[in-house]
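Secondary and tertiary structure notes
Spelled out, the chains give:
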Amino acid sequence: MGQTPDEIRREIEETRESMSDTVEAIGYRADVPGRAKEKVSGVKDRVAGAITGAKERVTGAGQSATSTLADKASSVGDAAPSRDQV
């Protein structure tokens, strides 16, 4: 038996959606320069993040060492006799 107009319209709409997705996928795959730029941008962002993280670790370690040295210097200063004591 034949299809009703509503069934035909529904099938046409489903086919259009499917074809639209297929055309978008083909367009994306054909855009090699665009995909290359995306890849480079992603790698660049990861490298920048790694550099920032390393910088923060080094800066934090330097601040920690400076703080430790300052604490030791102040405790050494406390252990030395004052002028009046000498």
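The coordinates are above.
First things first, this report covers the structure right here in the doc. The structure presented is a predicted model; accordingly, all values stated were derived computationally and were not measured.

1. Focus: the overall build of the chain
Of the regular secondary structure elements, the chain holds 2 helices and 0 strands. Looking at the 86 residues of the chain, the share that counts as buried comes to 2%. Accessible area for the chain stands at about 7800 Å²; split by element, carbon and sulfur atoms hold 58% of it.

2. Quick notes on the pattern of salt bridges
All chains considered together, the criterion is met by 2 salt bridges. The shortest N-O distance in the salt bridge between Asp-6 and Arg-9 comes to 3.3 Å. Linking Asp-6 with Arg-9, this pair stays in helix H1 (residues 5–30), spanning 3 residues, or about one helical turn. Accessibility assignment for this pair places Asp-6 and Arg-9 in one class, exposed. Arg-10 serves as the salt-bridge partner of Glu-14, at 3.1 Å between the closest nitrogen and oxygen. Of this pair, Glu-14 and Arg-10 are both found in helix H1, 4 residues apart, which corresponds to roughly one turn of the helix.

Each value, and the rule that gives it
- Residues numbered from 1 in each chain as written.
- Predicted model: local features only at pLDDT ≥ 70, side-chain atom pairs only at ≥ 80, totals over all residues.
- Heavy atoms only, no water.
- Helix = DSSP H or I, 4+ residues; strand = E, 2+ residues; numbered from the N terminus.
- Buried < 20%, exposed > 50% of the residue type's maximum accessible area, 1.4 Å probe, protein only.
- Areas by Shrake-Rupley, 256 points an atom, 1.4 Å probe, with all protein chains shown as cover.
- Salt bridge = Lys/Arg side-chain N within 4 Å of Asp/Glu carboxyl O.

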